[in-house]
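Fold and geometry: a report
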Amino acid sequence: MDKVFITTDQGTQVEATAPVIISASRSTDIPAFYAKWFFNRLEKGYCVWYNPFNQKPMYISFKNCKVVVFWTKNPEPIIPYLPELDKRGIHYYFQVTLNDYMQEGFEPNVPPVAKRIETFKKLSGLIGKERVIWRFDPLIVTSQLTPRMLLTRIWHIGNELKGHTDKLVFSFVDVKAYRKVQSNLVKDTTFFTKENVEQAEMTNVQRREIIEGLVKMREVWKQDGWNLQMATCAEDIDLSQYSIEHNCCIDGELMKRLFVDDKELIYYLHTGILPERDLFGEVPQILENAKNLKDKGQRKTCGCMISKDIGMYNTCRHFCVYCYANTSKECVLRNKDKHNDESESIIE
């Protein structure tokens, strides 16, 4: 990523990273809770991100930004701001998680399912179905919520979203790898104890039931004219026999298709560098095969290309019990008074 110098709101000149692609964000729901903050910082030209391990600040410049990938469970608050991105020539698309765990209370601070479906359709109608990706993520079972019941919920939501998106992305909940997820599942739900919390992860038999059920849904929807792609997120299982691919959420190939008229972006997606225009203002031809731009900072099973995530841990107020980005609800509430739309950072 390029390095540039910026002048902060306090008048200090500092070095900043200037990414071409910004992720907003894996770590918190910026569209739902920090839309005003995001566009305030866009107007200022930079934001501050704090390293979660040592709390050192990193300055992020929007100078080279070509694409923003938004991750959200509720895009409604950011919709009125989107024309500002269009005016600036910044491209964007959305990863919208639309689950149904209302009965279980796994997502205690999201709008009702019907409202989220309505918002999803609204966003899709405004920016195009190919730019709104549906995630049912993660998949969780309990002693009362069986794979069959979970499939029924996916079926009902899918029937509502038919024709409003091109892709469904899913993953299976990862409990064993995250102690804070185990803690929150035990503390904030009635379904799990310390002894059985790992049962939130599906067995191989349960996974197969889910996968085969999804494939049957896809075939029914295809007969109705909805050719829905399916993909897994950061899963190591090979489902190619089911025509289910490994997803790239920060997806260079998707950007090439969506934003084909942006020659500078296309050049970057092939080479990893922004082009220098010639004397006539033309972007040079791409003379070599595309480079591998995988984000090495993500998990091995993650297919995302390189980007800079600008979200902060312990700031998402959805309070989802399976979330790895919040240590606890209490940590988020302690940060509540620090959230300031006029500040440099989400947790400034």
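The notes below deal with the structure included here. (Residues numbered from 1 in each chain as written. Predicted model: local features only at pLDDT ≥ 70, side-chain atom pairs only at ≥ 80, totals over all residues. Heavy atoms only, no water.)

1. Considerations on the overall build of the protein chain
When its secondary structure is counted, the protein chain shows ten helices and twelve strands. Each of the three principal axes of the protein chain carries a C-alpha extent, and together these read 65 × 50 × 35 Å. Per-residue burial for the protein chain yields a buried fraction of 55% across its 348 residues. Expressed as a percentage of contacts within the protein chain between residues at least 6 apart in sequence, the contacts between residues at least 24 apart total 70%. Here the protein chain displays about 17000 Å² of accessible surface, and carbon together with sulfur accounts for 48% of that area. Charge separation in the protein chain, taken as the distance between the mean sites of 47 positive and 46 negative side-chain charges, equals 2 Å. (Helix = DSSP H or I, 4+ residues; strand = E, 2+ residues; numbered from the N terminus. Buried < 20%, exposed > 50% of the residue type's maximum accessible area, 1.4 Å probe, protein only. Contact = heavy atoms within 4.5 Å. Areas by Shrake-Rupley, 256 points an atom, 1.4 Å probe, with all protein chains shown as cover. Lys, Arg positive; Asp, Glu negative; His and termini not counted. Charge placed at Lys NZ, Arg CZ, Asp CG, Glu CD.)

2. Some thoughts on the nonpolar core
Residues F38, F70 and W134 are the most contacted members of the largest nonpolar core, which totals 86 residues. Here the element with the most residues in this core is helix α7 (residues 204-223); it accounts for six residues. With 23 residues, the next largest nonpolar core counts I21, V67, A234 and L269 among its residues. (Core = buried A, V, L, I, M, F, W, Y, C linked by side-chain atoms within 4.5 Å.)

3. Remarks on the packing of helix α4 (residues 113-127) against helix α5 (residues 147-161)
Running from N to C, α4 and α5 cross one another at 35°; their axes reach a closest spacing of 10 Å. Classified by chirality, the crossing of α5 by α4 is right-handed. For the pair α4 and α5, the contacting residues are V113, I117, F120 and K121 in the first and I157, E160 and L161 in the second. Split by residue class, the contact of α4 with α5 holds five nonpolar, no polar and two charged. (Axes fitted to C-alpha atoms, helices over the stretch in contact; angles between N-to-C directions. Left-handed = near helix turned anticlockwise from the far one by under 90°. Nonpolar A, V, L, I, M, F, W, Y, C, P; charged D, E, K, R; others polar.)

4. Brief notes about the pattern of salt bridges
As a working rule, side chains carrying opposite charge can pair if their charged atoms are close by. Counted under the stated rule, the structure contains 21 salt bridges. Of the charged contacts in the structure, one is a salt bridge between R41 and D9, with a shortest N-O distance of 3.2 Å. Of this pair, R41 sits in helix α2 (residues 35-44) while D9 sits in the loop between β1 (2-7) and β2 (13-18), and the two are 32 residues apart along the sequence. Its salt-bridge partner being R26, residue D309 comes within 3.8 Å of it at the nearest N-O pair. Of this pair, D309 sits in strand β12 (residues 308-309) while R26 sits in the loop between β3 (21-24) and α1 (30-33), and the two are 283 residues apart along the sequence. (Salt bridge = Lys/Arg side-chain N within 4 Å of Asp/Glu carboxyl O.)

5. Let's talk about the environment of V321
Following the sequence through the fold, V321 ends up in the loop between β12 and α10 (329-334). Once the C-alpha coordinates of V321 and S183 are considered, the two residues, 138 residues apart in sequence, prove to be 8.9 Å apart. Apart from the residues within four sequence positions on either side, V321 is in contact with G105, F106, V181, N184, L185, D188 and T189.

6. With respect to the packing of α5 against α7
The contact between α5 and α7 brings their axes to 10 Å, and the two run at 25°. When the axis of α5 is compared with that of α7, the two are roughly parallel. Crossing handedness for the pair α5 and α7: right-handed. Touching P147, R148, L150, L151, I154, W155, G158 and N159 of α5 are Q206, E209, I210, G213, L214, M217, V220 and W221, all from α7. Considering only residue class, the contact of α5 with α7 consists of ten nonpolar, four polar and two charged. (Parallel < 35°, antiparallel > 145°, perpendicular 65-115°, else oblique.)

7. Some points on the sheet that holds strand β11 (residues 245-246)
Ordered by their spatial adjacency, eight strands build an open sheet running β11-β10-β9-β8-β7-β6-β3-β12, and the pairing between neighbours is parallel. Two strands close off the open sheet at either side, each with one partner strand: β11 and β12. As judged from the two bridges shared by strand β10 (residues 229-232) and β11, these two strands associate in the parallel manner. What sits directly across from T232, in β11, is H246. With respect to the sheet, α5 is in contact with β8 (132-139) and β9 (167-172), its orientation differing from that of β8 by roughly 170°. (Pairing = 2+ DSSP bridges.)

8. A few points about the environment of I154
Structurally, I154 is set in helix α5. Taking the C-alpha atoms as reference points, I154 and Y34, 120 residues apart in sequence, are found 28 Å from one another. With residues near it in sequence (within four places) discarded, I154 still touches W134, F136, L139, L168, L214, M217 and W221.

9. Looking at the pairing of strand β5 (residues 57-61)
Pairing between strand β4 (residues 46-50) and β5: five bridges, direction antiparallel. Considered in β5, the bridge of V48 is made with Y59. Taking the residues that link successive antiparallel strands as the turn, the β4-β5 hairpin has six residues, and the phi of Q55 there is positive, at about 60°.

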